[in-house]
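Chain by chain, the residues run as shown.
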Amino acid sequence: LKTKVGIVGGGPAGLMLSHLLAKNGIENIVVEARDHETIHNTHRAGILEAQAVKMLVESGVGGRVLSDGYEHSGIDLRFNGESHPLDFTGLVGATVTLYAQNEVFVDLAAARKRDGGDVRFSSEVTALMDLETETPKFRFTDAAGTELEVHCDILVGADGSRSFCRRQIPDTNRQDFKIEYPFAWFGILAKAPKSARELIYANSPHGFALISQRSETVQRMYFQCDPNENVDDWSEDRIWSELQRRVDGPDGFTLKTGNIFDKTVLKFRSFVREPLSHGRLFLIGDAGHTVPPTGAKGLNLAFADVLVLFEALDSFYATKNDALLRGYSDKALRRVWKAQNFSYWMTSMLHTPVNADPFMARRALGELDTVASSRYGQQYLAESYTGWPHS
Ligand code: DHB
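These numbers come from a predicted model, not from an experiment. (Residues numbered from 1 in each chain as written. Predicted model: local features only at pLDDT ≥ 70, side-chain atom pairs only at ≥ 80, totals over all residues.)

**Regarding the site of the ligand**
Around the ligand, a shell composed of Ala45, Gly46, Ile47, Leu199, Leu210, Ser212, Arg220, Pro293, Thr294, Gly295 and Ala296 is seen. For the shell around the ligand, the per-class residue count stands at six nonpolar, four polar and one charged. Counting residues domain by domain, the shell around the ligand receives three or more from each of domain 1 (5–71 + 98–179 + 269–347) and domain 2 (184–268 + 353–386). (Near = placed C-beta within 6 Å. Nonpolar A, V, L, I, M, F, W, Y, C, P; charged D, E, K, R; others polar. Domains from an automatic or database assignment.)

**A closer look at unusual backbone geometry**
Here the residue pair Glu274 and Pro275 is connected by a cis peptide bond, since its omega of -10° sits within 30 degrees of zero. Along the chain, Pro275 falls in the loop between β19 (269–274) and β20 (277–278). Positive phi values are uncommon outside glycine, yet Asn80 reaches one of about 50°. Position of Asn80 among the secondary structure elements: in the loop between β5 (74–79) and β6 (82–87). With phi around 55°, Asp130 is a residue other than glycine that occupies positive phi space. For Asp130, the position within the fold is in the loop between β9 (124–129) and β10 (137–141). Using a count of 14 C-beta atoms within 10 Å as the deciding quantity, one classes Asp130 as partly exposed. (Helix = DSSP H or I, 4+ residues; strand = E, 2+ residues; numbered from the N terminus. Buried ≥ 20, exposed ≤ 12 C-beta atoms within 10 Å, placed from the backbone.)

**Observations concerning the domain arrangement of the protein**
Here the protein is partitioned into domain 1 (5–71 + 98–179 + 269–347) and domain 2 (184–268 + 353–386). The distance between the C-alpha centroids of domain 1 and domain 2 comes to 29 Å. The interface of domain 1 with domain 2 comprises 11 residues on the first partner and 14 residues on the second. Of the residues that constitute the side of domain 1 that touches domain 2, the class distribution is six nonpolar, three polar and two charged. (Contact = placed C-beta atoms within 7 Å.)

**Some remarks on the UniProt feature "domain: FAD-binding" (unreviewed entry) in the protein**
UniProt annotation of "domain: FAD-binding" (unreviewed entry) refers to residues 2–342 when read in the numbering used here. Here residues 2–342 is 32% helix and 30% strand, with 41 Å between the C-alpha atoms at its ends. (UniProt positions renumbered as here; feature names shortened; annotations may be inferred.)

**Observations regarding the nonpolar core**
In globular proteins that are soluble, nonpolar side chains generally tend to be buried together. If you look at the biggest cluster of nonpolar residues, it comprises 108 residues, and the most contacted ones within it are Leu17, Val156, Ile284, Val306 and Leu309. Split by domain, this core shows at least three residues from each of two domains, domain 1 (5–71 + 98–179 + 269–347) and domain 2 (184–268 + 353–386). (Core = buried A, V, L, I, M, F, W, Y, C linked by C-beta atoms within 7 Å.)

**Considerations on the confidence of the model for the protein**
With 100% of its residues at a pLDDT of at least 70, the protein reaches an overall mean of 97. Across the assembled chains, the prediction reports ipTM 0.98 with pTM 0.97. (pLDDT = per-residue confidence, 0-100.)

**Notes on the sheet that holds strand β13 (residues 175–180)**
Judged by pairing direction, the sheet is antiparallel, and its three strands sit side by side in the order β13-β19-β22 without closing on themselves. Either end of the sheet is taken by a strand with one partner, and the two such strands are β13 and β22 (289–290). Strand direction decides the pairing type here: β13 and β19, joined by six bridges, are antiparallel. Across the sheet, the residue bridging to Ile179 is Ser270, located in β19. Packed on one face of the sheet, helix α10 (residues 323–350) meets β19 and β22 and runs near 165° to β19. (Pairing = 2+ DSSP bridges. Axes fitted to C-alpha atoms, helices over the stretch in contact; angles between N-to-C directions.)

**Quick word on α10**
For α10, which comprises 28 residues, the first-to-last C-alpha distance of 41 Å matches the rise-based estimate of 40 Å (1.5 Å per residue) to within 8%. If you look at α10, its biggest bend is around 35°, right at Ser329. (Expected span 1.5 Å × (residues − 1). Bend = angle between axes of the 7 residues up to and from the residue.)

**Observations concerning the sheet that holds β10**
Read across the sheet, three strands follow the order β9-β10-β11 without closing on themselves; strand pairing throughout is antiparallel. The sheet is open, and its two edges are formed by β9 and β11 (147–151), each paired on a single side. Across this sheet, the average inter-strand angle for adjacent strands is 20°, counted without regard to direction.

**Describing the packing of helix α11 (residues 358–372) against helix α12 (residues 375–386)**
Running from amino to carboxyl end, α11 crosses α12 at an angle of 95°, the nearest separation of the two axes being 5 Å. Put simply, α11 runs roughly perpendicular to α12. When α11 is examined against α12, the residues Thr370, Val371 and Ala372 are found in contact with a partner set consisting of Gly377, Gln378 and Leu381. (Parallel < 35°, antiparallel > 145°, perpendicular 65-115°, else oblique.)

**A closer look at the environment of Gly117**
Tracing the backbone through its elements, the reader meets Gly117 in the loop between α6 (101–114) and β8 (118–120). When the 20 C-beta atoms within 10 Å are taken as the criterion, Gly117 is described as buried. Other than its neighbours up to four places away in sequence, Gly117 contacts Ser18, Ala22 and Arg112.

**With respect to the environment of Glu49**
Positionally, Glu49 belongs in strand β3 (residues 47–49). Measuring from C-alpha to C-alpha, the distance between Glu49 and Trp388 comes to 9.3 Å, with 339 residues separating the pair along the chain. Leave out the neighbours within four places in its chain, and Glu49 touches Val96, Asn300, Thr386 and Gly387.

**Quick notes on the pairing of strand β2 (residues 28–31)**
Residues Asn28 and Val30 of β2 are buried on one face, and the alternating residues Ile29 and Val31, pointing to the opposite face, are buried as well. Bridge count for strand β1 (residues 5–8) against β2 is four bridges, and the pairing is parallel. Residue pairing in the sheet places Ile7 in a bridge with Val30 of β2. In the classification by handedness, the crossover that spans β1, the intervening helix α1 (residues 12–23) and the parallel β2 is right-handed. Sheet analysis places β2 next to β8, joined by three bridges and oriented parallel. Counted as the bridge partner of Val30 is Val119 from β8. (Right-handed = clockwise from strand over helix to strand, strands pointing away.)

This is the structure:
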């Protein structure tokens, strides 16, 4: 097989890049190890920056995000049992959209199918070759078990946090930066009405909780837990009382409960690979960097990579000049480190490690108060949450 751009990984990042390239007449193939159903059922965050929504809408994939997404003009920071609403519209003139990121995948996969895109699910990449030449290649086994080889100009690793592509880059001239967290998230989906108009990020003496949503009738919530927590040890009653005690306060705020139909423990870390390219291989999204979930930057950051790489590829094919491609890593990494800082900051400010130093727990409350009681502080959070301008 021969194509211009070979994309390893058919999650939202790989498919968005494939879609944009195809719209500009740049031929590409997407090879994805998992099947469509598995990716659709992999629950991820639910917040899209305006920039991500714009990418979907302007490229013709915005139908459902516009009809089924909910525009949110702020969040609620809750600590010491009190709510502190942040109004992003008033603070920075921006909003975000609540729309499940696995539905973004569904929309993009449907668009590629509609447009006759070459997207192969259940197909495992087994080797990358000749990355340092102008004709990189890769080999994969397709859904029927046939071994195929693809020759291309450019290879893109969009294969997620356990990236195979990333691991094919030689040890020299690269650096990994990472930190682990002593906690994880217990995530649930429940059939229940909304408990609040917008999302609540709560710091409590019992740990962090996030009250998110999916629709009028389905809610998404998380609470900080031990990374080794077993979901089977958690009955519905136990989950609801744990969530409730983390949002308890003198205002009597009460969660609206209902049947819990999905429970998962999500482990996370902060990770960055530098540089995000090697020869003709370019890493986008989680393949190059992962953030902890607080603040929902993962997919938004992946889409920002896509935008930078797409512009570089478009210029490369229009002019045969690879200057923008050579600048991809540095340009993408600037935003990556902003998002790393924001995600780390939100995580550390809102969570309480078990056996936390009491000083550190009080310090985090001081930090939350500093942010919530100052317009500048609120604006700092709002600007980061809604997403920095694409430059
Ligand atoms: C969701 C997840 C997040 O990590 C976040 O910061 C906000 C919302 C969600 O799944 O809805």
